[in-house]
Every structure is written in structure tokens, then in C-alpha cells.
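Residue-level structure breakdown
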Amino acid sequence: LGGGRDGPVHALAVYGNELIAGGDFTMAGGVSASQIARWNGISWQPLGSGMNSTVFCLTVYGNELVAGGDFTVAGGVSARIARWNGETWQNVGTGATGRVYALHPLGNSLIAAGLGSIGGVSDPIARWNGVSWNALDSGIDGPEVYGLAVHDGDLFAGGTFKTAGGHGSYYWAHWIDNDGVATGDGNSDGFTDGRDIQGFVELLTQGTLPVGGECAYDMTGDGSVSHADVDLFVERLLGS
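Please read all numbers here as calculations on a predicted model, not as lab measurements. (Residues numbered from 1 in each chain as written. Predicted model: local features only at pLDDT ≥ 70, side-chain atom pairs only at ≥ 80, totals over all residues. Heavy atoms only, no water.)

This part is about the overall build of the protein. Scanning the protein for helices and strands turns up 2 helices and 21 strands. Within the protein, buried positions represent 45% of all 240 residues. Pairs at least 24 apart in sequence give 35% of the contacts found in the protein among residues at least 6 apart. (Helix = DSSP H or I, 4+ residues; strand = E, 2+ residues; numbered from the N terminus. Buried < 20%, exposed > 50% of the residue type's maximum accessible area, 1.4 Å probe, protein only. Contact = heavy atoms within 4.5 Å.)

Here we come to the sheet that holds strand 13 (residues 100–106). Here 4 strands make up an open sheet; going across it, the order is 13-14-15-16 and the pairing antiparallel. In this open sheet, the two strands that pair with only one neighbour each are strand 13 and strand 16 (133–134). Sheet topology places strand 15 (residues 125–128) next to strand 16; 2 bridges connect them, and they run antiparallel. Of the residues in strand 16, the one forming a bridge with Trp-128 is Trp-133. (Pairing = 2+ DSSP bridges.)

Okay, the pattern of salt bridges next. If you walk through the whole model with that rule in mind, you get 4 salt bridges. A salt bridge links Arg-80 to Asp-70; its shortest N-O distance comes to 3.5 Å. One end of the pair, Arg-80, is in the loop between strand 10 (77–78) and strand 11 (81–84); the other, Asp-70, is in the loop between strand 8 (64–69) and strand 9 (73–74), with 10 residues separating them in the sequence. Asp-70 sits in the partly exposed class, given a relative accessible area of 25%. The network of salt bridges with common partners includes Asp-70, Arg-80 and Arg-99. (Salt bridge = Lys/Arg side-chain N within 4 Å of Asp/Glu carboxyl O.)

Moving on: the environment of Ala-228. On the secondary structure map, Ala-228 appears in helix 2 (residues 227–238). Relative accessible area serves as the criterion here: at 38%, Ala-228 is assigned to the partly exposed category.

Glancing now at the packing of aromatic side chains. Within the structure shown, the criterion is met by 7 aromatic pairs. Seen from their ring centres, Trp-128 and Trp-133 are 5.3 Å apart, and the 50 degrees between their planes marks the pair as tilted. Each member of the pair, Trp-128 as well as Trp-133, is classed as buried. Taking 6.0 Å as the distance between ring centres and 10 degrees as the angle between the ring planes, the aromatic pair formed by Phe-156 and Trp-172 counts as stacked. In this pair, Phe-156 sits in strand 18 (residues 154–159) while Trp-172 sits in strand 21 (residues 172–175), placing the two residues 16 residues apart along the sequence. Here the aromatic residues Phe-56, Tyr-101 and Tyr-146 are joined through ring pairs into a cluster of three or more. (Phe/Tyr/Trp six-rings, centres within 6.5 Å; stacked < 30°, edge-to-face > 60°.)

Scored by pLDDT, the protein has a mean of 83; 83% of the residues are at 70 or more. Considering only residues more than four positions removed or in separate chains, one finds that residues 178–182, a stretch of pLDDT under 50, has 6 contacts. (pLDDT = per-residue confidence, 0-100.)

With that out of the way, let us pick up the sheet that holds strand 7 (residues 55–61). Pairing is antiparallel across the open sheet formed by 4 strands, whose spatial order is 7-8-11-12. The open sheet has two edge strands, strand 7 and strand 12 (89–91), and neither has a second partner. Each adjacent strand pair in this sheet contributes to an overall mean axis angle of 30 degrees, direction not counted. (Axes fitted to C-alpha atoms, helices over the stretch in contact; angles between N-to-C directions.)

Among the 6 residues of strand 2 (residues 18–23), 5 are classified as buried, and the element is accordingly described as predominantly covered. As judged from the 6 bridges shared by strand 1 (residues 9–15) and strand 2, these two strands associate in the antiparallel manner. Opposite Val-14, over in strand 2, you have Leu-19 as the bridge partner. Hairpin connection from strand 1 to strand 2: 2 residues lie between these consecutive antiparallel strands, with Gly-16 at a positive phi of about 60 degrees.

What follows is the structure, given as C-alpha cells:
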């Protein structure tokens, strides 16, 4: 594509009707571009002065392009998580202490994950609300989170961790966005997991709903808890 690059590409994103490529390269289509470049359909162009080391992930948040990686400087600014507004690079809060492998919007927030701590949160995953970085529940035990995805409003994370939010969760975890409806999270702990299965069993046995008729286990919204709700719960639990 336009002559290619002189090193590997780790991430792609679309921003401002252009294709953005990030990775470990210094040239793109014969043009000097340090770790990141944009393709306008005809030629490759740099984004400012780029980064001083590898870009591992890209996303778009709040009408800005956000990059994470192993770099410590972006466009001359000290940053390990950086945002591009179309003209200049800026940091995103206090950034991270280690590599950033994944970025993903979640509702009105931005989730960042990687190695080490992020935004002063002693955890390899954190949430940016536009002003500050915050933890997700009690976090993940680490050491690394490699991937993030959002399905049906919920966040999924994968990595080398074995617990998340105090739950045994080998190598992947499911976070229910508390800004939205935590459907299926009957005990309101921020997770849809085996503990909620117990709540389903109790309600199916009793055949009644809590006073007021509202229940997180009534996933079909028909005013009752039945096997149809269990089916939807299992889909959410598996992320399918």
C-alpha cells in the first residue's frame, strides 16, 4: 500500500477519513514517519514527529486518535499514552509506567491495558473518564493484559492474569459497564459470573420476583424469570 513501511505494523485505525498505521518503523511509502503514519488514499504522511519507540495499539476516543505502546515521547511530549487532535500530540493524564498493549472506548470512557500501572492506578488496566484515570473494581492481578473488546456494552479483557475483581478468571475477564445496565449481574458486583448462576437457580425454584417486579435476571423483560432468561444469561456469560 503506497510502497509500504520499513518495519512491522502492530495496529490500524481509521481517523479523519484516513487510515492510520502504527508499529515499529521509520519510513512509510518513502516518507520519514516515526512509528506512525497516515494514508490519505494516495500517499503516506507522518503524524507530527511521531514517537520515539513502538506503537502497539490505536483507537479513536472523543474525536481524537489515541495511541499506546512502548514509546515515552510523542510529538516531543512525554507520553506513553498519547492523543492526536489532528495537529499535535498530547499526553492522556499521567499515562502508564510500562507498555500499553490495548486501548478501547467503553461508553463515555477509554480503557487502557498493558504492563505495569496506568494513570497512577496500581493495575495493568484502567479507565479514563476524560479528566482522570480510575480503577475498574479491584482490578486485575496482572502481570499483563494484551487485548480488549466490547460486546453488547460490556468489556472483555485477555492476558496473563488469573484473577479479576477478586474473582478467579484465568486469562480472560468480563466487566459489566456500571454506566449502563448490568443485565444478568443480579448481585450487582460488576460481573456476570458463576455467582449469578446461584441467583438464577434460587429464582427459578421460587418462581417469584423481588418486590417491585424488577430483577437483573429478567433478561427478556417479560416480568418473570424463566429458562429463556437463562439462555440469554449464558450468551452474555460466554460473550457470544
